[in-house]
Amino acid sequence: MSAASLNPAQLEAVHHLAGPCLVLAGAGSGKTRVITHKIARLLQHGLEPRQIAAITFTNKAAAEMRERAKGLVGPRAAKDLAISTFHALGVRMLRADGERLGLKPSFSILDSDDVLGVLRDAGGATDNKQARHWQWTISLWKNQGLDADGAEAAARDDDERVAARIMRRYEERLAAYQAVDFDDLIVLPLKLLERDAEARAKWQAAFGHVLVDEYQDTNAVQYELMKALVGTDGPRHRSGRFTAVGDDDQSIYGWRGATIDNLKRLPRDYPSLRVIPLEQNYRSTGSILRAANAVIAHNPKLFEKKLWSELGDGEPVRVIDCDGEEHEAERAVTRIQALRGQQGARFADVAVLYRANHQARAFEQKLRAAQIPYKVSGGQSWFDRAEIKDLCAWLRLLVNQDDDPAFLRAATTPKRGIGHQTLAALGEYAGKWRISMFEAIFAPGLPGVLKGKGLDALQHFAREVNELEHRARHTAGAEDAKALLLEWLKTLGYEQHLRDGEDSPKLAEARWSNVLDFVDWIARRCGGQLTQEAGTFESEKLTVLDVAQTISIIISLAERGDEQDVVTLSTLHAAKGLEWPHVVLAGVNEGLLPFRGADEEMTAERLEEERRLMYVGITRAQRTLTVSTLKRRKRGRETVAGVPSRFVVEMKLDEAVVKEDPRERLRRLREELAARGAAASPAAGR
Ligand code: ATP
Ligand code: MG
């Protein structure tokens, strides 16, 4: 271990082994680094790797910490370290000792959808909305350490009294099924340690030291579990040996029951607690740090913290004002290309961060069109959604009828009487003659192995594909393309298919809305692309088939997602603890960040949590930070005027807003005009 790579305050935290320790410090000050180095120190001190429990917030963070520890202590020791999330630790404890609570070692873990099903059943509810509400309420109770009795006593109105009653039935059912939910993974191990002295002694002896990263985002039961694992403060040598590191300014899970009280309770519950502040930030340039400090200064202070950086001012924080989501994504792409060109940045050096998952979509589309590889973390990629994949399968099939995977998907979604046996027979025949499945449908020999309804259904399908291909080849321009696609979706019965597949009308609605967005996207691309020849711009309408072709290429790019050198698209929540040389903070608008739901009241607490999210976002950046705001933004299917977020003002930047390169702007405006012109005169495309 190279102690030289730690400052004196960090060293103090690493060397304090005898009792409880809290490192309370701002972003990028090396808290996580303290944990990894302390692991190495504990090993030197004689602990076995398996006696060191390090708790991280996500599985990904656990993997990364093991990786960093490997660099310090070698692969052998790193493998046996007990690095995991609270939940994974809970699973381990329950698999080992759950029987003491009446749980079989083979208990099953219900995911959120399973839970919804059980709750619907327990509460006699037919719609998911009600069940979700119960799920949310019960989960919050559980995370406050309440069981059904406690919940009944705590219920404040009729609504909550009903939820408490359902909680009792729900718990009975889980016990009968030998199943646990995610919350139980913390609640039950805690119960085990509290009620069973033998188990408590065993688990306290198992871990010589417990380290907790992102301590500010632990909730009440996680705190109790940690306490139960390390024992209370006291003269006994084994007691209270833990290291917690955190930053109250980065607490962003209040909405899920995390409580900042855990920070206040720690010195009370552990009077011998050593509290160590860290003040030097090693991550960000002066400009970035100043902006971060200026924003967070608007929140009331729990603990006074100073943060400084030796890295120099660096480039000023840029604010760019965009016309809308697409323009924002285009400018991000231009920015990424410039960073690569001028600063030699890799794709992996750049992250685009946003408040809500849906914001990723425009970036995904533009990045793909620009052939820039990326990964989406903290949410699902738009292109991975079932409904988008279904439609893409059709488009791929139009372009290349020999695309068997696309064929299989398109032929069976929505269901159209082409069953498993039919496909198996078709596949076998195609394999034997080395032709594609589509080609096999019209092979003269097929009726020899496949007859009746199955064959009819296949031939009907193939005719539909051919007809659509013919029309796609001859339809150009935004308006006509849109009409064709909508008509085709109708023929498919796709909207009904979505409604049949979803319990909740709201979810079906959301998926249908994705489909309509996809149609709009294709239509816009058909509306006009510009070719630049000798300085003149010429708008050129594309046929649906042309666009389907480029989309096929775009889709196949998706498979590059595993590569290392990719741009990261991430929600702010999922970006916690991470860092990138270049960060684009997108959609920094009122309503988006701070986020505000349709009929949600913005309380002071909510606003403060949103401000902490902004602080988390800014402090992910090492060298450059670009903040973009929207002049117009989409809300549902409407477009509304955009107001820059108050957080932009709070950054107190003296630099002017970065204007778009005039040539870029001209190109874009022409493109927009061309697309609108196409939409205004439907005849033009024919
Ligand atoms: P966050 O609050 O975002 O979780 P953190 O406090 O955990 O941040 P780290 O991720 O541990 O901070 O460190 C931030 C960056 O600074 C990392 O790249 C880390 O390697 C580097 N760093 C930390 N301490 C030192 C040090 N003493 N010398 C050099 N670099 C350091
Ligand atoms: Mg950290």
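## Describing the site of ligand 1
Reasoning step 1: Taken together, the neighbourhood of ligand 1 is formed by 19 residues, with Lys-31, Arg-33, Gln-250, Glu-579 and Arg-620 sitting nearest.
Reasoning step 2: Contacts to ligand 1 include Gly-28, whose backbone N or O atom sits 2.9 Å from an oxygen atom.
Reasoning step 3: The separation between an oxygen atom of ligand 1 and a polar main-chain atom of Ser-29 is 3.2 Å.
Reasoning step 4: It is helix α2 (residues 31-44) that contributes the most residues to the shell around ligand 1, three residues altogether.

## Quick look at the packing of aromatic side chains
Reasoning step 1: Counted by the stated rule, this structure contains 10 aromatic pairs.
Reasoning step 2: Measuring from centroid to centroid gives 5.4 Å for Trp-394 and Phe-461, while their planes differ by 75°, and the two rings are edge-to-face. Here the residue Trp-394 occupies a position in helix α17 (residues 386-399), and Phe-461 occupies one in helix α21 (residues 452-473), the gap between them amounting to 67 residues. The exposure classification of Trp-394 matches that of Phe-461, with both residues buried.
Reasoning step 3: Ring plane angle 40° and centroid distance 6.2 Å describe the contact between Tyr-429 and Trp-433, whose orientation is recorded as tilted.

## Description of the sheet that holds strand β1 (residues 21-25)
For sheets, the rule is that strands pair by backbone hydrogen bonds, running either parallel or antiparallel.
Reasoning step 1: Within the open sheet, the six strands sit side by side as β3-β2-β6-β7-β1-β8. Their pairing is parallel. A single partner strand is all that each edge strand has here, and the edge strands are β3 (82-85) and β8 (274-278). Here the average twist between neighbouring strands, direction ignored, is 15°.
Reasoning step 2: Bridging between strand β2 (residues 52-56) and β3 involves four bridges; their strand directions are parallel. Looking across to β3, one finds that Thr-56 is bridged to Thr-85.
Reasoning step 3: Taken strand by strand, helix α5 (residues 86-97) contacts β2, β3 and β6 (209-212), and its axis lies near 115° from that of β3.

The rules we used
- Residues numbered from 1 in each chain as written.
- Chains lettered and ligands numbered in written order.
- Predicted model: local features only at pLDDT ≥ 70, side-chain atom pairs only at ≥ 80, totals over all residues.
- Heavy atoms only, no water.
- Near = heavy atom within 4 Å.
- Polar contact = N/O pair within 3.5 Å; in protein donor to acceptor, adjacent residues only side chain to side chain.
- Helix = DSSP H or I, 4+ residues; strand = E, 2+ residues; numbered from the N terminus.
- Phe/Tyr/Trp six-rings, centres within 6.5 Å; stacked < 30°, edge-to-face > 60°.
- Buried < 20%, exposed > 50% of the residue type's maximum accessible area, 1.4 Å probe, protein only.
- Pairing = 2+ DSSP bridges.
- Axes fitted to C-alpha atoms, helices over the stretch in contact; angles between N-to-C directions.
- Contact = heavy atoms within 4.5 Å.

By themselves, these figures tell us nothing about what the structure is for.
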